[in-house]
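If you want the building blocks of each chain, they are given just below.
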Amino acid sequence: TDANRPKRLDKYAGLGGYVVFPGGEITFWHIRLPRRIVQTVPIHVTERLAPEITLAVTPALQHCQLLQRIDNMAATCSLQRQRSSDPRLQDLELIHLHQTGRKRVSTLTLWIDTKSNLWADLLSRGEIAEFKRLARAAGFVSLTEIDLARAMIPRDLPDMFRRLHTMTSLLPSKTRLARP
């Protein structure tokens, strides 16, 4: 998974992720971040949000083991330790435990350097055609795109964007954009 937050607000800011299944099938998703999230919620929080979206919108992720690769150390450590001093990451951890328990998924989270996270980076930048081209060039023939505007997101998964925006606005100002 990946989150992209360029410094200029007129550039594409988004989230994206993909899952490679046995047999060479890839399921992927992407979404443009709302402007209020880009302006208020720090990148380490949106990076931590992306794996939860992957779990929520990928129906085939049930009764399995999942290797997650994230190129943000704060998000990676939060998942590995299953706790954080940042209340937003702690909230996402509770959502993670609920989702993995409900779907019977065990996860292993590893840090990946940004240069090696090219495919997820392309999705988070909205470069979907290039992602598909590289995946097909690598031999993946089955590419399933999840349209988040139409995807059946489980009702028990909260509106994470609104929730994170609200939590950020309630934090003391020096804590809002601080890294954990």
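Everything discussed here concerns the structure shown above.
Quick summary incoming for the structure in this document.

Basis of the calculations
- Residues numbered from 1 in each chain as written.
- Predicted model: local features only at pLDDT ≥ 70, side-chain atom pairs only at ≥ 80, totals over all residues.
- Heavy atoms only, no water.
- Axes fitted to C-alpha atoms, helices over the stretch in contact; angles between N-to-C directions.
- Helix = DSSP H or I, 4+ residues; strand = E, 2+ residues; numbered from the N terminus.
- Parallel < 35°, antiparallel > 145°, perpendicular 65-115°, else oblique.
- Left-handed = near helix turned anticlockwise from the far one by under 90°.
- Contact = heavy atoms within 4.5 Å.
- Nonpolar A, V, L, I, M, F, W, Y, C, P; charged D, E, K, R; others polar.
- Core = buried A, V, L, I, M, F, W, Y, C linked by side-chain atoms within 4.5 Å.
- Buried < 20%, exposed > 50% of the residue type's maximum accessible area, 1.4 Å probe, protein only.
- Polar contact = N/O pair within 3.5 Å; in protein donor to acceptor, adjacent residues only side chain to side chain.

## With respect to the packing of helix 3 (residues 73-81) against helix 4 (residues 87-103)
Next, step 1: Interhelical geometry of helix 3 versus helix 4 gives an angle of 50° and a closest axis separation of 10 Å. The orientation of helix 3 relative to helix 4 falls into the category oblique. Between helix 3 and helix 4 lies a crossing of right-handed hand. Residues Ala74, Ser78 and Leu79 of helix 3 pack against Leu89, Glu93 and His96 of helix 4.
Next, step 2: Class assignment of the residues belonging to the contact of helix 3 with helix 4 gives a composition of 3 nonpolar, 2 polar and 1 charged.

## With respect to the nonpolar core
Next, step 1: Leu15, Trp29, Leu49, Ile53, Val57 and Leu92 are the most contacted members of the largest nonpolar core, which totals 22 residues.
Next, step 2: For this core, the secondary-structure elements that each account for two or more residues are helix 1 (35-40), helix 2 (43-57), helix 4 and helix 7 (160-170).
Next, step 3: Top element by residues in this core is helix 2. It accounts for 7 residues.
Next, step 4: Dropping the residues within four chain positions of it, tryptophan 29 is found in contact with Leu15, Gly16, Gly17, Ala50, Ile53, Thr54, Val57, Leu123, Ile146 and Leu148.
Next, step 5: If you look at the next biggest cluster of nonpolar residues, it comprises 11 residues, including Trp119, Leu122, Phe131 and Ala135.

## Some words on the environment of threonine 58
Next, step 1: Within the element layout of this structure, threonine 58 appears in the loop between helix 2 and strand 4 (64-70).
Next, step 2: According to the relative accessible area criterion, threonine 58 is buried, its value standing at 2%.
Next, step 3: The sequence separation of threonine 58 and phenylalanine 28 amounts to 30 residues, and the corresponding C-alpha distance is 8.5 Å.
Next, step 4: In this view, threonine 58 contacts Val19, Phe21, Thr27, Lys103 and Ile146; residues no more than four positions away in its chain are not counted.
Next, step 5: In this structure the side chain of threonine 58 is engaged in a polar contact, spanning 2.7 Å, whose partner is the backbone oxygen of threonine 54.

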